[in-house]
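# Observations on the model geometry
Chain residues, written in single-letter form:
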Amino acid sequence: MSGKKRNVMLFVLLFTLLLGVIVPVQAQSYGGTKTIRVAYREDADFINKSSSGVYKGYGVEYLNKISQYTGWRYEYINESWENQLADLKSGKVDLICNAQKTEAREKDYDFSCMPVGTEQAVLYTSEDNEDIYFQDYEHMNGKKVGLLRDSYQNEEFEQRQDEKNFHCPEKYYESEQDQIEALEQKKVDMILTGSISKHDSLKIVDKFGAAPMYIMTTKGNTEVMSAVNNALEQLKAEVPDLTENLTEQYVMDKNRNSRPLLTREETEYIKNVSAPIKIGCIGDQPPLIYTDKETGKLDGIYIAFLKKFSEISGIPFEFESLSPDTDPIEAAQSGKYDFIAGITACQEMIDEPEVHLTGGFFTREFQIVAERGEDINTLETSTVSMNSIFEKYKSLRPEGEFPYKVIYGDSPRTVLDAVVNKKADMAIMDSYAASYYLQDEKYRDLALSGIVFTKAETCMIYGDNTDPDLVSVINKSIGSLSSQDEENIIRQYSINLQKSFSIWEFMEKYRYQIVCILIFLVALTILVIVNNRHRTQMQVEAAAQEAYRCRMETDELTGLLNKEGFYRRSREFLEKHSEADARIVYINIENFKLVNDLFGEDAGDGFLKFIGLELEKIFGRIDIVSCRYEADHFVILTLDNEDRIQAKINHFCNCLLYTSPSPRDPS
């Protein structure tokens, strides 16, 4: 490495170390160690106290992020919404985390400069109420509704009634639990809550009015609100996808409807279904779709999803296997089937005027398959084999020019055979199908590279003859599938399904190998009987010597090689790669003594251990030799070129900057 590049690298490492010391001090400077009282409702799912006394939830995560900049600690106070507002106004509490902004509230409270999420209004009725269905406004008219006093959703409901031309007499309650009890006692016909609460025992009859949620504090409390706004601005700059990540973690699947939100017409359709709907299933590609040899029935990931949708909707399905060369559009138009399954959603299919697509329910990754140990990044010109679906539906390819020659195959085997037979350098395959077929001995030298070429959703298509109510029910059933159910289905078929061979197929295919193995086993048995004692003694001695050498050549703190081990392994490495260009990366943590002086030697040891782990993670373990040379000096011998080394060093510096453990906590 040139002197200039080395100086740049050392400067970045020194800056990282100094930043680790400076940032925590800044975080305390404008907030201070202070206890902030946060009001919350126990009947909402935004902030929850577990049985062990630990607070969890979307709001807790967000507040903890803010505390990284303010240094605050929190005291959570559980009380009704009405009391929250009163206590915040009087200053008995400092914050409410999930409040919508209104003109009336802005007179009495201050709001954060940016929202921390969104919330919808949700209208519920009893599960056994057969008089009101989803968005059944005609039958909602005149029904009594229970509202939470002073809730923002009440204003949204007034607007909804005006928009949909219905009117409901209103009764007000102090908590959601009071609302639910009133609904159970038939004092009201419906209740209105925010979407951060979920009530699986009730039936949703409307959802509307998504509005941003803000952090709210006492009017004029500039000390608290300034710290909140400063932290939110920092989070927006440093963690721009925080809200999206927390929404996905705490809200999306929680607010996914456990049952389809059915209209009156859709409910009547389900009641009147007299025969199973017919689904044509194209293809034979384990583990996605295949015929079970024992039962003779269709099975696989696709079929498991469809069975789940049948369970959710209450509509029976009947499956029929169609050959892989079936034209899906002709099959959908034939009138023989309600839906055609096994379809990959793409722009060409969306644009097809003669068929329509259901919602997507299963995302597939198409990954690159290549020979084991092959570095595909070093191939300047390559031939790629892939399924003919990519020739027919070009929109599935990633944007940009594809720099490789392409050959197409009609099945997973033909795609993989092209690589085995050296007609292609790599293949692009569905990762689930590839994992299944790579179990075959024929493809033992191939492996998934982990590099994703593209992703695509699976769906069904249908023609104009399919009943619109049926389509709506199916789409709503797809939308009701939980992430846990999806994970269970994929795990069941992608992990547990093993490729099976009959004993005769196995013996015929490997007859020569079997004979050789039998001869070898007989000879090995004789050799073991004769030399067992001597061989055992030699193994014990060799193992002891190897263990001793490993101890002597390993740095106890980081687990990397020490100086002596590095010299030996480097000689072996250079002999093995005598024709390649090898480079040495030398890393010196300048001013590392500062960590020991400020935080103690245990913290310094913890930081060195972290550096060792990150270096091994980033540079890998294959075709590199890494060691802790001495003290805070590290050395790496690698075949990477200077550009790749620089990229990895940059990545290493970023890891130290954003994920390194605090020196205050060496564990």
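Here the structure is a predicted model, which means the values were calculated and not measured. (Residues numbered from 1 in each chain as written. Predicted model: local features only at pLDDT ≥ 70, side-chain atom pairs only at ≥ 80, totals over all residues. Heavy atoms only, no water.)

### So, the overall build of the protein chain
When you go through the protein chain residue by residue, the secondary structure sums to 24 helices and 25 strands. Counting over 667 residues, the protein chain shows a buried share of 44%. Taking contacts inside the protein chain between residues at least 6 apart in sequence as the whole, the part at least 24 apart equals 76%. Of the accessible surface of the protein chain, which amounts to about 35600 Å², a share of 50% is contributed by carbon and sulfur atoms. (Helix = DSSP H or I, 4+ residues; strand = E, 2+ residues; numbered from the N terminus. Buried < 20%, exposed > 50% of the residue type's maximum accessible area, 1.4 Å probe, protein only. Contact = heavy atoms within 4.5 Å. Areas by Shrake-Rupley, 256 points an atom, 1.4 Å probe, with all protein chains shown as cover.)

### Quick word on the environment of Y69
Structurally, Y69 is set in helix α2 (residues 58-70). Judged by relative accessible area, Y69 falls into the buried class, the value being 11%. Y69 sits 166 residues away from L235 along the chain, and the two C-alpha atoms are 9.0 Å apart. For Y69, the side chain forms a polar contact with the side chain of E238, separated by 2.7 Å. (Polar contact = N/O pair within 3.5 Å; in protein donor to acceptor, adjacent residues only side chain to side chain.)

### Regarding the pattern of salt bridges
Going through the model one piece at a time under the given rule, you end up with 30 salt bridges. Taking the shortest distance from any N to any O, the salt bridge between K455 and E365 comes out at 3.7 Å. Taken as a pair, K455 in strand β22 (residues 446-462) and E365 in strand β18 (residues 362-371) lie far apart in primary sequence, 90 residues in all. Classification of K455 as exposed rests on a relative accessible area of 53%. Taking the relative accessible area as the measure of exposure, E365 reaches 25% and is therefore partly exposed. (Salt bridge = Lys/Arg side-chain N within 4 Å of Asp/Glu carboxyl O.)

### Quick look at unusual backbone geometry
Looking along the chain, the bond that leaves P286 and enters P287 is cis, with omega of 0 degrees. Topologically, P287 is positioned in the loop between β12 (277-282) and β13 (290-291). A positive phi is found at D150, a non-glycine position, where the angle reads about 65 degrees. For D150, the position within the fold is in the loop between β8 (145-148) and α6 (153-164). Classification of D150 as partly exposed rests on a relative accessible area of 41%.

### Points about the packing of helix α11 (residues 301-313) against helix α17 (residues 468-479)
It is the contact of α11 with α17, at a shortest axis distance of 9 Å, that shows an interaxial angle of 105 degrees. With respect to each other, α11 and α17 are oriented roughly perpendicular. On the side of α11, the interface is formed by F309, I312 and S313, while α17 contributes V473, S477 and I478. (Axes fitted to C-alpha atoms, helices over the stretch in contact; angles between N-to-C directions. Parallel < 35°, antiparallel > 145°, perpendicular 65-115°, else oblique.)

### Some details on the layout of surface pockets
Of the voids in this model, the second largest pocket is the one considered here, and its volume is about 790 Å³. The wall of the second largest pocket is formed by 31 residues, among which I282, Q285, P324, N387 and I389 lie closest to the centre. Broken down by secondary-structure element, the contributors of at least two residues to the lining of the second largest pocket are β16 (339-344), β18, α14 (389-392), α15 (412-420) and β21 (426-430). Residue composition of the lining of the second largest pocket, by class: 16 nonpolar, 8 polar and 7 charged. (1 Å grid on protein atoms, 1.4 Å probe; cavity = no way out; pocket = protein on both sides within 12 Å on 5 of 7 lines; lining within 4 Å. Points joined across faces, edges and corners; volume = space filled by probe spheres on them. Nonpolar A, V, L, I, M, F, W, Y, C, P; charged D, E, K, R; others polar.)

### Structural notes on the state of the cysteines
Applying the stated criterion to the full structure yields 0 disulfides. Cysteine C653 is unpaired, with the sulfur of C655 as its nearest cysteine sulfur at 9.2 Å. Look at C653 and you get buried, because its relative accessible area is 6%. (Disulfide = S-S within 2.5 Å.)

### A look at empty space enclosed by the protein
Going through the model one piece at a time under the given rule, you end up with 6 cavities of 30 Å³ or more. Here the largest cavity defines a volume of roughly 140 Å³. What lines the largest cavity is a set of 16 residues, and nearest its centre among them are R41, E119, L148, S151 and Q153. A total of 3 residues in the lining of the largest cavity trace back to one element, the largest contributor, which is strand β10 (residues 190-194). Classifying every residue of the lining of the largest cavity by side-chain character gives 5 nonpolar, 7 polar and 4 charged.

### Examining the packing of α11 against helix α18 (residues 483-494)
One way to put it is that α11 packs onto α18 with a least axis distance of 9 Å and a crossing angle of 150 degrees. Considering their axes alone, α11 and α18 lie roughly antiparallel with respect to each other. Here α11 and α18 pass one another in a crossing that is right-handed. On the side of α11, the interface is formed by I301, A304, F305 and K308, while α18 contributes D485, E486, I489, I490 and Y493. By residue class, the composition of the contact of α11 with α18 is 6 nonpolar, no polar and 3 charged. (Left-handed = near helix turned anticlockwise from the far one by under 90°.)

### A closer look at helix α8 (residues 222-238)
The end-to-end C-alpha distance of α8, which contains 17 residues, comes to 24 Å, matching closely the 24 Å that a straight helix rising 1.5 Å per residue would cover. All buried positions along α8 are accounted for by V224, M225, A227, V228, N229, A231, L232 and L235. (Expected span 1.5 Å × (residues − 1).)

### Examining the confidence of the model for the protein chain
Per-residue confidence for the protein chain gives a mean pLDDT of 86; residues scoring 70 or more make up 89%. This model gives residues 10-31 a pLDDT under 50, and the stretch forms 37 contacts once residues within four places in sequence are excluded. (pLDDT = per-residue confidence, 0-100.)

### Quick notes on the environment of V188
Of note, V188 is situated in the loop between α7 (176-184) and β10. Sequence-wise, V188 and T125 are 63 residues apart; in three dimensions their C-alpha atoms are separated by 8.9 Å. Those residues in contact with V188 that lie beyond four places of it in its chain are K144, V145, G146, K171, Y173, A182 and L183.

### Let's talk about the sheet that holds strand β25 (residues 633-638)
Strands pair in a sheet through their backbones, by hydrogen bonds, and they do so in one of two ways: parallel or antiparallel. In space, the 3 strands of this open sheet follow the order β23-β25-β24, with antiparallel pairing throughout. The open sheet has two free edges, formed respectively by β23 (583-588) and β24 (624-630), since each of these has just one partner strand. Across this sheet, the average inter-strand angle for adjacent strands is 15 degrees, counted without regard to direction. In terms of strand pairing, β24 meets β25 through 6 bridges, oriented antiparallel. Residue pairing in the sheet places C627 in a bridge with V635 of β25. Here helix α21 (residues 563-576) sits on the sheet in contact with β24 and β25, set at roughly 155 degrees to β24. Where helix α23 (residues 601-619) meets the sheet, its contacts fall on β23, β24 and β25, and the angle it forms with β25 comes to roughly 10 degrees. (Pairing = 2+ DSSP bridges.)

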